[in-house]
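# Observations on the three-dimensional arrangement
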Amino acid sequence: MRPRDGDSAAAAARAPLLPPPAPRRAAARFHPLPLLIAAAFAASYRLLLFAPAPSYYQYLFLSLGSNDTAAAHLRALTVRPHLAGTEANAAAAVHVASALSSHSFPTRLTPYSVLLSYPARRSLSLSAPGRDDTTFALTQETYPGDPYAAVSAEAVPTFLAYAASGSVTAEAVYANYGRVEDFAYLAAHGVNVTGKVALARFGKVYRGDIVKNARDAGAAAAVLYTDAKDYAPGKAFPDGPWMPPTGVQVGNTFTGVGDPTTPMWASSEGCERLSVAEAMSSDDMPGIPALPVSGRDGEAILQLIGGDVAPEDWQGGDGAPTYRLGPGPAVLNLTYTGNETMATIQNVISVIEGKEEPERYVILGNHRDAWTFGAVDPNSGTAALLELAQRLSELQKKGWRPRRTIILCNWDAEEYGLIGSTEWVEENRAMLASKTVAYLNVDCAVTGSGFYVSATPQLDELLKEASKQVQNPDNGTQSLYDLWMASNSSRLIGRLGGGGSDYSAFVQHIGIPSLDMTIGSGYAVYHSLYDDFIWMEKFGDPLFQRHVAVASIWGLVALRLSDEEILPFNYSCYAAELENGAMEINERVLGMPVSLSPLHTSIKEFKSAVLKLEFELKALQTWKIWPPWRKNPLKARDINDRLMMTERAFTEREGLSERPWYKHLIYGPSLHNDYGAELYPGVDDAIQTAKRTNTSKSWQSVQHEIHRISRVITQAALVLSGGLT
Ligand SMILES: [Zn+2]
């Protein structure tokens, strides 16, 4: 995954990684008594409204959480490093598939042949006048007593996937976090990056963008390191949760989505493909050699970089040397040879067929592949998925069958660019687009404390309601909703504009209502050798009650979407969001030759469609009062179809300009920020360009983009209101 707030563990510093000291409880099961009282209360309340009683199964589901089940799956999934395309990850797929089929859920593997990247040769040495050369070991050290020391040798050597092969000997330049503005600062201060090796620290932007920015600034190669200020302000693992001095953040640098050899279509057998050379020369590839290094190695390089002293906010933490900009006199000699090769990946797909509406899908997904052991990223999510599946099988034994089909997905090669989920969505595009109610993603279930959610807005209300029914795993007297409120001071719910995890293809390519959630906002040993079961057991979730809480809300939302007769979507939140976005645009284009009236008109249409639908829903409820046999299943189906398809209407065939794979015009990555614009990425891009160039043509493009979003909002309004013009 690409964590929110950049890769930085600074986010983790804001929300303490450690749970508050608590007596070790045998099991943090949610106590069923208050639930049953709530069930009875809710049932009588619903009876007053003449709606069907809430599902007994939802309450049963919440009472069945098992810390031991989650812990056992996590331990089994993380016995070895299991990078995509390796035999170890195929073994992990077998674990997931057999766990799911043991519940008699029909389960299959969907393989794809895709372009992955592995390191073949790496070396890095440092020299400076009057000094002995240093050759870096480029290894992450194990610690005395590390139970995973022996299998650590199976972990992939530290590298940056898809970096170009090559050898560079050049002076080093320090580029802070490697953002566009950092390279602009260097240029403004006369520091020439051309032909140099850019040294940048992880933490503020996606690492693929750091390398891309270095390339665009003219650097011949890039070296990325973890600064102790961001990743080790406290005791390092195994004594504390922070990154050890030799820890290295491994990761992807491809900025595209899906298999690089099939850029707009599925990697099906025998399909059309780009050659490896063509794929590697794409602009979405970093194009220069690059390596990640540890905090210790990064500091060794910084000690030998001279030149002007870097600004205050470019400096390290306590005890760090003074950082200077360079170039030189430190000279880095970097050699990297990548092995880009076609490899087989496998998604695991498990289906619980719906009883009344089997051809409507509620899809839950998490990835399995990891850079190393993956105890946090991603297998805390896999463990939660399997624990949730265990509970669903218990429900089945008690007679439950979902109304709609529930599909449990375990993706492969997410770390290489969301490949497994993207290929599957591309392969099944038309089927998924016509039948999927929602996609519910969990990547890392637990990275620390605090609850964080991103979603398309029609799910906001459902999430709030569901979180009130789940216990706060760190405080038995509170709900998960309380924790959620406490951990998000400014904004409760994030949106899905960026390319952070496997929801991308579902939302941004085909327009399916989606959510993504996690307990914790970041962790220091991210993508390093130390993301293992010991870290999770000591620092992430000692009692595994956080895993259980994620499984609880994930499953509860899934049950409500699969079992309730009318889909629990609320589009008034969406209308408010569209309106807020319009107000922001208005502020940004004040005094410019741009009219927002088409946008205002379309939002007004959308709002009246929301009201019309609410009225119809009320009428439908009233119909059920008397006589009961007049209940109209086709009317309910019509309303559900409109609720489901409204999100699809926000997509457009041509997609975002310059990024045609991204079809959603409301949520998608902005050109200038891979983490995503909040809203209206196409308009955001056009405004940024117009503000830079200020030509009448550039303001016309802003107007064009405003017309485009207005058109999709009008389409969405028509779908929601269910009427032709
Ligand atoms: Zn992940």
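My aim in this report is to walk through the structure given alongside it, one point at a time. Treat the numbers as computed from the prediction; the structure is a model and nothing was measured.

How each quantity is defined
Residues numbered from 1 in each chain as written. Predicted model: local features only at pLDDT ≥ 70, side-chain atom pairs only at ≥ 80, totals over all residues. Heavy atoms only, no water. Helix = DSSP H or I, 4+ residues; strand = E, 2+ residues; numbered from the N terminus. Rg over C-alpha atoms; globule rule 2.2 N^0.38 Å. Buried < 20%, exposed > 50% of the residue type's maximum accessible area, 1.4 Å probe, protein only. Contact = heavy atoms within 4.5 Å. Areas by Shrake-Rupley, 256 points an atom, 1.4 Å probe, with all protein chains shown as cover. Axes fitted to C-alpha atoms, helices over the stretch in contact; angles between N-to-C directions. Parallel < 35°, antiparallel > 145°, perpendicular 65-115°, else oblique. Left-handed = near helix turned anticlockwise from the far one by under 90°. Nonpolar A, V, L, I, M, F, W, Y, C, P; charged D, E, K, R; others polar. Polar contact = N/O pair within 3.5 Å; in protein donor to acceptor, adjacent residues only side chain to side chain. Core = buried A, V, L, I, M, F, W, Y, C linked by side-chain atoms within 4.5 Å.

Next up on the list: the overall build of the protein. The helix and strand tally for the protein stands at 24 helices and 15 strands. In summary, the protein has a C-alpha radius of gyration of 26 Å against a globular reference of 27 Å for 725 residues, a match within 12%. Seen along its three principal axes, the alpha-carbon backbone of the protein occupies a region of about 95 × 65 × 50 Å. Going through the 725 residues of the protein one by one, you find that 62% of them count as buried. Within the protein, contacts between residues separated by at least 24 positions form 81% of all contacts whose residues are at least 6 apart in sequence. Surface summary for the protein: the accessible area is close to 27000 Å², and the carbon and sulfur share equals 55%.

Between helix 15 (residues 460-468) and helix 19 (residues 545-563), the least distance of the axes is 10 Å, while the angle of their chain directions is 125°. It follows from the interaxial angle that helix 15 and helix 19 lie oblique. Crossing of helix 15 against helix 19: the hand is right-handed. Here L462, L463, E465, A466 and S467 of helix 15 come into contact with helix 19, specifically with I553, L556, V557, R560 and L561. Partitioned by chemical class, the residues of the contact of helix 15 with helix 19 number seven nonpolar, one polar and two charged.

With that settled, consider the side chain of R403. Tracing the sequence through the fold places R403 in the loop between helix 12 (379-397) and strand 11 (404-411). Among the polar contacts made by the side chain of R403, one reaches the side chain of E357 at a distance of 2.8 Å. If we ignore the near neighbours within four places in the chain, the residues touching R403 are G354, K355, E356, E357, P358, S562, D563, E564 and E565.

Before going further, it helps to spend a moment on the nonpolar core. Counting 222 residues, the largest nonpolar core has L116, Y416, F606 and Y680 as its most contacted members. Here the element with the most residues in this core is helix 19; it accounts for 10 residues. Residues in contact with L116, not counting those within four places in the same chain, are A84, G85, Y162, N339, E340, T341, A343, I345, A413, Y416 and I419.

Let's shift gears to helix 8 (residues 207-216). Counting buried residues in helix 8 gives nine out of 10 residues, a clear majority hidden from the surface. R207, G208, D209, I210, V211, K212, N213, A214 and R215 are the residues of helix 8 that are buried. Buried residues along helix 8 sit in contact with strand 3 (160-161), helix 7 (180-188), strand 5 (197-201), strand 6 (221-225), strand 7 (251-252) and strand 8 (290-293). G218 sits one or two positions beyond helix 8 and adopts a positive phi of about 100°.

Let's shift gears to unusual backbone geometry. The omega torsion across F237 and P238 is 10°, close enough to zero to call that bond cis. Within the fold, P238 resides in the loop between helix 9 (228-231) and strand 7. With an omega dihedral of -5°, the bond running from G328 to P329 counts as a cis peptide bond. Considering the arrangement of structural elements, one finds P329 in the loop between helix 11 (295-303) and strand 9 (331-352). Even without a glycine there, the phi angle at Y162 is positive, about 70°. One can find Y162 in the loop between strand 3 and strand 4 (166-174). Taking relative accessible area as the criterion, Y162 reaches 0% and is therefore assigned buried.

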